Amino acid sequence: MATQILATASTAADSADVVVAAGTPLAVGLKGVADGNALVNISLKDDAAAYNIVGSLRSHAPSTLITAPGTYRFSRVAGASCGVFSA
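Residues numbered from 1 in each chain as written. Predicted model: local features only at pLDDT ≥ 70, side-chain atom pairs only at ≥ 80, totals over all residues. Heavy atoms only, no water.

The next subject is the side chain of S86. With respect to the secondary-structure elements, S86 resides in strand 9 (residues 82-86). Setting aside residues no more than four positions away along its own chain, S86 makes contact with M1, A2, T3, I5, L26, A27 and V28. (Helix = DSSP H or I, 4+ residues; strand = E, 2+ residues; numbered from the N terminus. Contact = heavy atoms within 4.5 Å.)

Here you go:
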């Protein structure tokens, strides 16, 4: 069942934390892409509670599978309209 992580909009925004448990991969993808400039950075929270960019979702690469356990955040860059969902 698909779940919204970040609502579709064109303003800069961060999702709530998304926890990926060991052995439970998470498929994520863009939704509501309006043009070819969509960009959402994927960050992993480290042991000092800082977020580090480890990947991105873009119009030309709209989905990925997260297999490493951890706490993730999705950050939309202002500009093109898009959102993020998990499946």
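That was the structure; now back to the text.
This next bit is on the environment of H60. By the element assignment, H60 lies in the loop between strand 6 (51-58) and strand 7 (63-66). When the C-alpha atoms of H60 and L39 are compared, they prove to be 9.6 Å apart, with 21 residues separating the residues in sequence.

What follows deals with the pattern of salt bridges. Pairing between side chains of opposite charge can happen when their charged atoms approach one another. In the structure shown here, the tally under the stated rule is one salt bridge. Of the charged contacts, one joins K45 and D17 as a salt bridge, the two residues approaching to 3.5 Å between their closest N and O atoms. Here K45 is found in strand 5 (residues 39-45), whereas its partner D17 is found in the loop between strand 2 (13-14) and strand 3 (18-20), with 28 residues between them in sequence. Judged by relative accessible area, which is 31%, K45 ranks as partly exposed. (Salt bridge = Lys/Arg side-chain N within 4 Å of Asp/Glu carboxyl O. Buried < 20%, exposed > 50% of the residue type's maximum accessible area, 1.4 Å probe, protein only.)

What follows deals with unusual backbone geometry. If you check the backbone angles, A49 has positive phi at about 70° while not being a glycine. With respect to the element layout, A49 can be found in the loop between strand 5 and strand 6. Classification of A49 as partly exposed rests on a relative accessible area of 48%.

Turning our attention to the sheet that holds strand 9. One open sheet accounts for four strands, arranged 1-9-4-7; its pairing is antiparallel. The outermost strands of the open sheet, each flanked by one partner alone, are strand 1 (3-9) and strand 7. For this sheet, the mean inter-axis angle between neighbouring strands, taken without regard to orientation, is 15°. (Pairing = 2+ DSSP bridges. Axes fitted to C-alpha atoms, helices over the stretch in contact; angles between N-to-C directions.)

Turning our eyes to something else, we now look at the side chain of S43. Tracing the chain through its elements places S43 in strand 5. For S43, a relative accessible area of 5% corresponds to the buried category.

Below, the discussion takes up the environment of Y72. Tracing the sequence through the fold places Y72 in strand 8 (residues 70-76). Judged by its relative accessible area of 5%, Y72 falls in the buried class. Spatially, the C-alpha atom of Y72 lies 8.0 Å from that of Y51, the residues being 21 residues apart in sequence. Discounting residues that sit within four places of it in the chain, Y72 has contacts with A16, D17, V18, V20, I42, S43, L44, V54 and I66. Of the polar contacts made by the side chain of Y72, one reaches the backbone oxygen of A68; its length is 2.8 Å. (Polar contact = N/O pair within 3.5 Å; in protein donor to acceptor, adjacent residues only side chain to side chain.)

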